[in-house]
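Single-letter residue listing:
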Amino acid sequence: MKNNFIQRAVTGALFVVVLVGCILYSPLSFGILFTIISALSVHEFAHLVNQNGEVNINKTITALGGAYLFLALMAFCTSATDARVFLPYLVLLLYMMITELYLKKKNPLGNWAFSMLSQLYIALPFALLNVLAFQNTPETSSVTFNPILPLSIFVFIWLSDTGAYCVGSLIGKHRLFERISPKKSWEGSIGGAVFAIASSFAFAHFFPFMQMWQWAGLAIVVVIFGTWGDLTESLMKRQLGIKDSGNILPGHGGMLDRFDSALMAIPAAVVYLYVLTMFK
């Protein structure tokens, strides 16, 4: 038990240091990190669904698609290229569809469905981090790198998880979604939301490019959709009959176990921030 706790603590600390450091250091380190994370996460998803025996999707091609989509959207958001950068990705999607006509696998419909899901569920949310990180300034026709927005998504998720665990352990009685995740409670979820909203006030103080109520709104959106993202991965693991999505992070499971909340929180945050711009 003690060794497992130490392992979890060391892995968790390294995970946070690497993630925060790469996001803040430079656009290059940000891009390299999340290109790798996208590829590993999609590959892990493909490995999990292939274990079921009902489908057999190409792990390498789907992982390549995840990595390319992140890089393509990064190039587009930084104005390094135009929309033609997405053409190879469209070719890759067509390849995944057409090859099933010739491979004579037992469940081509399932292969199509899970191949596309790997891109929609995992690759697209990671790619959308670029929309948060790079802002186009029409007045100067320049693109600026703002690492605080993507970093805030992860901070809100981490604090929400920590708060939910602490509060839920102390006073959690009413189950949030017992059918999928018996340990989650309403009290824990509300406690986690309070932690995240409190941190949003700190972001508003130190990074006033958004107003306090806008930061608080972002925290609420991340908490709500992050919870749904967590439940979604829990449902997937329950369906597949597994405890962890992988073992790449000792003591913490796989990539999907670490980023499950972010896979829904990131797209929701993008929508929220675009809605804010409509009312300026």
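I will try to describe carefully the structure that is included in this document.

Conventions adopted
Residues numbered from 1 in each chain as written. Predicted model: local features only at pLDDT ≥ 70, side-chain atom pairs only at ≥ 80, totals over all residues. Heavy atoms only, no water. Helix = DSSP H or I, 4+ residues; strand = E, 2+ residues; numbered from the N terminus. Expected span 1.5 Å × (residues − 1). Contact = heavy atoms within 4.5 Å. Phe/Tyr/Trp six-rings, centres within 6.5 Å; stacked < 30°, edge-to-face > 60°. Buried < 20%, exposed > 50% of the residue type's maximum accessible area, 1.4 Å probe, protein only. Salt bridge = Lys/Arg side-chain N within 4 Å of Asp/Glu carboxyl O.

1. A look at helix H2 (residues 27–51)
A rise of 1.5 Å per residue sets the reference length of H2, with its 25 residues, at 36 Å; its end C-alpha atoms lie 36 Å apart and thus fit the reference within 8%. Positive phi appears at glycine 53, one or two residues downstream of H2, with a value of about 90°.

2. Remarks on the environment of leucine 128
As for its placement among the helices and strands, leucine 128 is situated in the loop between helix H5 (108–127) and helix H6 (129–133). The spatial distance from the C-alpha of leucine 128 to the C-alpha of alanine 83 is 15 Å, given a sequence separation of 45 residues. Setting aside residues no more than four positions away along its own chain, leucine 128 makes contact with Leu73, Ile266, Pro267 and Val270.

3. Comments concerning the packing of aromatic side chains
A complete count under the given rule lists 21 aromatic pairs for this structure. With a centroid separation of 6.2 Å and 35° between ring planes, the pair formed by phenylalanine 154 and tryptophan 158 is classed as tilted. Of the two residues, phenylalanine 154 and tryptophan 158 are both situated in helix H7 (residues 148–171); the distance of four residues between them amounts to about one turn of the helix. Aromatic side chains phenylalanine 203 and phenylalanine 207 sit 6.0 Å apart centroid to centroid with 35° between the ring planes, which places their arrangement in the tilted category. Phenylalanine 203 gets classed as buried once you look at its relative accessible area, which sits at 10%. Residue phenylalanine 207 is classed as partly exposed on the basis of its relative accessible area of 29%. By way of ring pairs, the aromatic residues Phe15, Phe30, Phe34, Phe70, Phe126, Phe134, Phe145, Phe154, Trp158 and Phe259 are connected into one cluster.

4. Details of the pattern of salt bridges
For the structure shown, the criterion picks out four salt bridges. The salt bridge partner of arginine 84 is aspartate 82, with a shortest N-O separation of 2.7 Å. Take arginine 84: its relative accessible area is 61%, and that puts it in the exposed class. The partner of glutamate 233 in a salt bridge is lysine 237, and the shortest N-O contact between them spans 3.7 Å. Remark: lysine 237 and glutamate 233 occur in helix H9 (residues 212–240); sequence separation between them is four residues, near one turn of the helix. Given the relative accessible area of 13%, lysine 237 is considered buried. In the salt-bridge network here, residues are joined through shared partners; they are Glu233, Lys237 and Asp257.

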